[in-house]
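Tertiary structure, described
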Amino acid sequence: MNTVRTAVRVEGVVQGVGFRPFVHALATGLGLTGLVGNDLDGVFAEVEGPAAAISEFLRRLERDAPPLARVERVTTTAVPPRRSAEFVIAASDAGSGLRRTLVSADTATCADCLRELGDPADRRHRYPFINCTNCGPRFTIVRDVPYDRPLTTMAPFTMCERCAAEYHDPADRRFHAQPACCPACGPRLSLGDAQDPLQAAAELLRYGRVLAVKGLGGYHLAADAACEPAVAALRQRKHREDKPFAVMAADLAAAAALAEVDEAAAALLTSPARPIVLLPRRERAEPGAAVAPATAPGNRQLGIMLPYTPLHHLLLAAVARPIVLTSGNVSDEPIAYRDDEARETLKDIADAFLTHDRAIHVRTDDSVARTFRGRPMLVRRSRGYVPEPITTATTTSFPRPVLACGAELKNTFCLARGRHAFVSHHIGDLENAETLRSFTEGIAHFRRLFDIDPQVVAYDLHPEYLSTKYALELEDVDLEGVQHHHAHIASCLADNGEEGPVIGVAFDGTGYGPDGTIWGGEFLAAGLAAFERGGHLAPVPMPGGAAAIRQPWRMAAAYVNDPQVALRHPDQWSAVVTMAARGVNSPLTSSAGRLFDAAAALLGVRDSINYEGQAAIELEQLADPAEAEAYPAGLEGGEGPFTIRGSDLLHAVIEDRTDGVPAPVIAARFHHGVAALIEAGCLLMRERHGLATVALSGGVFQNLLLLNATVGRLEARGFRVLLHGRVPCNDGGISLGQALVAATRVAASRS
Ligand code: ZN
Ligand code: ZN
Ligand code: FE
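Every residue gets a number counted from 1 within its own chain, in the order that chain's sequence is written. Whichever chain is written first is A, and whichever ligand is written first is 1; the rest continue in order. Only residues with pLDDT of 70 or above have their local features reported here, since the model is predicted, and side-chain atom pairs are shown and tallied only from 80 upward, although totals for entire chains, interfaces and linings are computed over all residues. Processing note: side-chain calculations cover all non-hydrogen atoms of the structure and skip hydrogens and water entirely.

Brief notes about the sheet that holds strand 2 (residues 33–39)
To keep it simple, the criterion reads: When DSSP locates at least two bridges between a pair of strands, those strands are taken to pair. Runs of H or I in DSSP of at least four residues are treated as helices and runs of E of at least two as strands, each being numbered from the N terminus. Note on method: axes are straight lines fitted to C-alpha atoms, helices fitted across the in-contact stretch only, with angles between N-to-C directions ranging 0 to 180 degrees.
Within the open sheet, the five strands sit side by side as 4-1-3-2-5. Their pairing is mixed. In this open sheet, the two strands that pair with only one neighbour each are strand 4 (70–79) and strand 5 (87–89). Between one strand axis and the next, the sheet turns through 15° on average, direction left out of account. Where strand 2 lies against strand 3 (residues 42–50), seven bridges are found, and the strand directions are antiparallel. Within strand 3, the position partnered with Gly34 by the bridge is Val47.

As structure tokens, then:
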């Protein structure tokens, strides 16, 4: 039989995911000889044997790849046979050169490890740090590449003989599992002087105490989710007034006892990324499955996640009921991740610390997701997803390395090269020194990890954003300012692997407009390189500027402009109405977020907020799902961009309120009114620009009632609708859009 030899190169996420043992097993199973190894570009192999066996090898190489691997490209070359006698694993090549290989994301404990965790005969029985090549910490422990133990925070732990034997055995599940360890050689759990930290932790939780728990990407604060005094104490000590807490439930059944879990939500909950999934709360929780009111006050939704580390599995089993698990921080500060820092900042919140001695290298928050029409949609893309790249279509690649600095709130940055856009973990609101430090350190870390030295730097046009200031101080790079809402739409295009042009509907709270007003209710004719503002909500004054964001009643005053409809003390109301009318400290805005705020205030939902988007979120919760009527809004189109009068919706709200229409019905009619005005705007855009695809982006579309109504109306009119999925529609997705816009512009200017 004819013996041939083929050199194979595999690119993608193929290191630290058990790829070499997989190749070894596959080749030996087919009777092939040769070798496999890691280098800076990924995995290389040579296989020798009958041609038919080699084709079979190549077929199964992609089809049967290990669960965490992501094969992006396989290339083969014929090489002369060497009459090799066996199949071997070659030593790692950590030489210099490009570090194109991809670090994988942190991954939930796999089924094999879980089985060992619960097996009294296994040497890792009940060991809180069990992991293997298919699961465990990755991104959060990697200091540098290539991904090897000495360059992770596992470096201080010297493997015992048995772990080392597994680590070096190609047939073992822990072959080259960098964080592999056991009770004899690995990290240890502690809780003060407790003999059994886990048992002590469970007892404290059951006694209603607040516990700090060191997780994968930072410290959490935990409390018994059913215990109102415990959750209320946590809220009060954390200075968090209303924003819902997430809950960790032991398994799908426990989650389903608290909320409605459909098939898509179940898939998301149990996915290796294990995000917090926002789910419709059960109207009446099953007996014994109630969550304390302080967990998510007045909220129809509940954020639930399942255990994703062995420690979580053990803790949940010991407590035997759901726990609140929220980020370990005070109010809006970033989550604590260093031990000394956590001890300091959480000392007045936590009654005890369940911690361990494996360091966290990169602070990484839990991801947050939801489903829409059976499809996952990320609200916050972080732990479990990052640093997996968003791979773009070939034509929209990054010929020159790009850094995009993102926006201000919910900041992420993005480094891109070739076809890969590496959107960072959630950095947070760039408003304090600590977040700014995560931002700059994060950029430095990503540059090292992915060996990207940016030549093009994209930034938001807002001159006061710290991300903008950071960009403008960089030297020897091409700077590209990208309008905020253009970035939103480009992000939605990238999310869908499209290039446009499309009708971009960007509805959000705030974005800097090139005309000096604040944009946020925009209809753009947009491609990746450029956009034209086709229409927008009619601008209104924001009396008091930022104060109008914190106090939605001010927006109601500005919009309604009527002393008869005073929502508070007539003096205060008329002062603000006058302020708006005279334009004193009242920047103009076309923001859709502010329109929602005004409606919420008029309905008495809330006249001041204590977290971003709160008024709109509560207005959505209030709305009667059975009501389908829509308030009409006038559209004015002449030369230039058309405008839509949001104030029409608010006058309808007032009228219905005066007529005694129930608030839930009014809230629903308002939502449908916004969907109808989007429909009207898109129809005019189609007429004027000849575009039939609509991309929806901006934080306002986190509102599922609005999104559902909007998509329904647009599809009924024959539009193709693009939505976000892999990156958030809020400002967390901005950096990806900026990167695409900048890269496209630079490429266009060069050709
Ligand atoms: Zn595992
Ligand atoms: Zn060991
Ligand atoms: Fe935005």
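Details of the domain arrangement of the chain
Put simply, an interface is often sized by how much accessible area is lost when its parts join up. Test applied: Residue ranges for the domains trace back to a domain assignment, done automatically or taken from a database. The contact criterion used is simple: two residues touch if any of their non-hydrogen atoms lie within 4.5 Å. Throughout, buried area stands for the accessible area (probe radius 1.4 Å) lost by two parts on being put together, summed over both. A carboxyl oxygen of Asp or Glu within 4 Å of a side-chain nitrogen of Lys or Arg is what we treat as a salt bridge.
When its domains are assigned, the chain resolves into domain 1 (3–89), domain 2 (111–161), domain 3 (189–368), domain 4 (389–485) and domain 5 (502–722). A separation of 22 Å is found between the C-alpha centroids of domain 2 and domain 3. Across the contact, 16 residues belong to domain 2 and 16 residues belong to domain 3. When the two sides are added together, the surface that domain 2 and domain 3 hide from each other amounts to roughly 1,500 Å², 70% of it contributed by carbon and sulfur. Contact with domain 3 buries area across many residues of domain 2, yet Pro128, Phe129 and Thr140 alone supply 37% of it, more than any other trio. Along the contact surface separating domain 2 from domain 3 lie zero salt bridges.

Focus on the coordination of the zinc ion (ligand 1)
Where we set the bar: Metal sites are built from N, O and S donor atoms within 2.8 Å, or 3.2 Å for Na, K and Ca, and they leave out water, so they may look incomplete. Four donors are marked tetrahedral only if all angles between them lie between 85 and 135 degrees, whereas four are marked square planar and six octahedral if opposite donors are more than 155 degrees apart and the other angles lie between 65 and 115; the remainder are marked irregular. Burial classification: accessible surface area is computed with a 1.4 Å probe over protein chains only, and a residue below 20% of its type maximum counts as buried, one above 50% as exposed, and the rest as partly exposed.
Around the zinc ion (ligand 1), the protein contributes the donor atoms Cys110 (SG), Cys113 (SG), Cys132 (SG) and Cys135 (SG), at 2.3 Å from the metal centre. What the four donor atoms of the zinc ion (ligand 1) show is an angle range of 102 to 121° at the metal, which sorts the shape as tetrahedral. In the primary structure, the donors to the zinc ion (ligand 1) are separated according to the pattern C-x2-C-x18-C-x2-C. Comparing Cys132 with Cys135, the two get one shared label, buried.

Points about the coordination of the iron ion (ligand 3)
Around the iron ion (ligand 3), the protein supplies His484 (NE2), His488 (NE2), Asp508 (OD) and Asp731 (OD) as donor atoms, at distances of 2.1 to 2.2 Å. Relative to the metal, the four donor atoms surrounding the iron ion (ligand 3) lie at angles of 86 to 171°, and the coordination shape comes out irregular. Under the relative-accessibility criterion, His488 is labelled buried at 1%. A relative accessible area of 11% places Asp731 in the buried class.

Side note on the pairing of strand 22 (residues 502–512)
Taken across its eleven residues, strand 22 has eight buried, putting it largely inside the fold. Examined bridge by bridge, strand 22 and strand 23 (residues 518–526) share eight bridges and lie antiparallel to one another. The partner of Phe507 across the bridge, within strand 23, is Gly521. In sequence, strand 22 turns back onto strand 23 through a hairpin of five residues, with Gly516 there showing a positive phi of about 85°. The pairing of strand 22 with strand 29 (residues 693–697) spans four bridges and is classified as parallel. By the bridge assignment, Gly504 is partnered in strand 29 with Ala695.

Structural notes on the layout of surface pockets
Here is the rule: Definitions used for this entry: grid spacing 1 Å over protein atoms alone; cavity, a set of points where a 1.4 Å probe fits but cannot get out; pocket, an open set with protein on both sides within 12 Å along at least 5 of 7 lines; lining residue, one with an atom within 4 Å of a point. Grid points are joined across faces, edges and corners, and a volume is the space filled by probe spheres set on the points.
The space that makes up the second largest pocket amounts to roughly 500 Å³. Residue lining of the second largest pocket: 25 residues in total, with Arg70, Ala273, Gly384, Tyr385 and Glu388 positioned closest to the centre. Elements represented by at least two residues in the lining of the second largest pocket include exactly strand 15 (375–380) and strand 16 (390–391). Broken down by element, the lining of the second largest pocket gets its largest block of residues, three residues, from strand 15.

Regarding the confidence of the model for the chain
Definition in use: Residue-level confidence of the predictor is summarised by pLDDT, bounded by 0 at the bottom and 100 at the top.
The predicted model of the chain averages 93 in pLDDT, with 97% of residues at 70 or higher. Taken together, the stretch residues 95–99 has pLDDT below 50 and engages in 15 contacts with residues farther than four places along the chain or on a different chain.

Quick word on the pattern of salt bridges
Summed over the entire model, instances satisfying the criterion amount to 44 salt bridges. For Arg174, the salt bridge identified is with Glu116, shortest N-O distance 2.6 Å. Placement of the pair is Arg174 in the loop between helix 4 (161–168) and strand 6 (189–190) and Glu116 in helix 3 (residues 111–117), with a sequence separation of 58 residues. For Arg174, a relative accessible area of 3% gives the class buried. Classification of Glu116 by relative accessible area gives buried; the value is 13%.

Some details on the sheet that holds strand 11 (residues 301–305)
Taken in spatial order, the ten strands of this open sheet run 6-13-7-8-12-9-11-10-14-15, and their pairing is mixed. The sheet terminates laterally at strand 6 and strand 15, the two strands that pair on one side only. Pairing geometry for strand 6 and strand 13 (residues 352–356), over two bridges, is antiparallel. What sits directly across from Ser190, in strand 13, is Thr355. Against the sheet, helix 6 (residues 228–238) engages strand 8 (219–224) and strand 12 (323–327), with an angle of about 145° to strand 8. Packed on one face of the sheet, helix 21 (residues 704–716) meets strand 14 (368–372) and strand 15 and runs near 35° to strand 14.

A word on helix 1 (residues 19–29)
Within helix 1, eight of the eleven residues are buried, which leaves the element mostly enclosed by the surrounding structure. Within the sequence span of helix 1, burial applies to Phe19, Arg20, Pro21, Phe22, Val23, His24, Leu26 and Ala27. Buried residues in helix 1 make contact with strand 1 (3–13), strand 2, strand 3, helix 2 (51–63), strand 4 and strand 5. Positioned one or two residues after helix 1, Gly31 has a phi angle of 70°, which is positive.

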